[in-house]
Amino acid sequence: MAGRGSPSPSRWWTDLSDECPITLEPLSTLPYPPFRLGGGGCSHSGDADASSSSSPPPNAMYFDGLALASYCVSRATFTNPLTREALTWEDCVRLDDYLEEHCYHHHHHHHHH
């Protein structure tokens, strides 16, 4: 029924009622999926039970990934704007991949550490 040309078959985030904590825009209106922070990056906390990884953890927060990246860059600090916790290396890598996939497409950027 749905034509093969539909760009994004499962726009799951259109069901989200949350707003991006940075832009205060409804996540459901994003042209790309929101970026999840929290709950994920700490699976090595000792009691990693695999069953919990299939669904987003209850303390997960969703952001407009581009806004989150802009926030981090503008303040030169990679922290969660809500919890003030530093993003893990894994979070930064995921954010980078996320931006490459959804936001940049055409130009590459280089990291400065």
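See above for the structure.
What you see is a predicted model; the values in this text were computed from it and never measured.

Conventions we followed
- Residues numbered from 1 in each chain as written.
- Predicted model: local features only at pLDDT ≥ 70, side-chain atom pairs only at ≥ 80, totals over all residues.
- Heavy atoms only, no water.
- Bend = angle between axes of the 7 residues up to and from the residue.
- Helix = DSSP H or I, 4+ residues; strand = E, 2+ residues; numbered from the N terminus.
- Buried < 20%, exposed > 50% of the residue type's maximum accessible area, 1.4 Å probe, protein only.
- Contact = heavy atoms within 4.5 Å.
- Phe/Tyr/Trp six-rings, centres within 6.5 Å; stacked < 30°, edge-to-face > 60°.

Participant: For this particular structure, what's the right way to read helix 2 (residues 89-104)?
Facilitator: The periodicity of an α-helix, 3.6 residues per turn, causes residues three or four places apart in sequence to face the same way. Residue Tyr 98 marks the point of greatest curvature in helix 2, where the axis turns by about 25°. Three or more residues of helix 2 are buried, namely Asp 91, Leu 95, Asp 96, Tyr 98, Leu 99, Cys 103 and Tyr 104. Of the surrounding elements, those touching the buried residues of helix 2 are strand 1 (35-37) and helix 1 (65-75).

Participant: I tried to follow the packing of aromatic side chains on my own but got confused; where do I start?
Facilitator: Each aromatic ring pair is specified by the distance between its two centres and by the angle formed by the two planes. Counted according to the given criterion, the structure contains 4 aromatic pairs. Note on Tyr 32 and Tyr 98: the rings are 6.1 Å apart at their centroids and 85° apart in plane angle, and the pair reads as edge-to-face. Here Tyr 32 is found in the segment before strand 1, whereas its partner Tyr 98 is found in helix 2, with 66 residues between them in sequence. Each member of the pair Tyr 32 and Tyr 98 is classed as buried. For the pair Phe 35 and Tyr 98, a centre-to-centre distance of 5.3 Å together with 70° between the ring planes defines the contact as edge-to-face. Taken together, the residues span a long stretch of sequence, with Phe 35 in strand 1 and Tyr 98 in helix 2 at a distance of 63 residues. Residue classification places Phe 35 among the buried positions, given a relative accessible area of 3%. Look at Tyr 98 and you get buried, because its relative accessible area is 7%.

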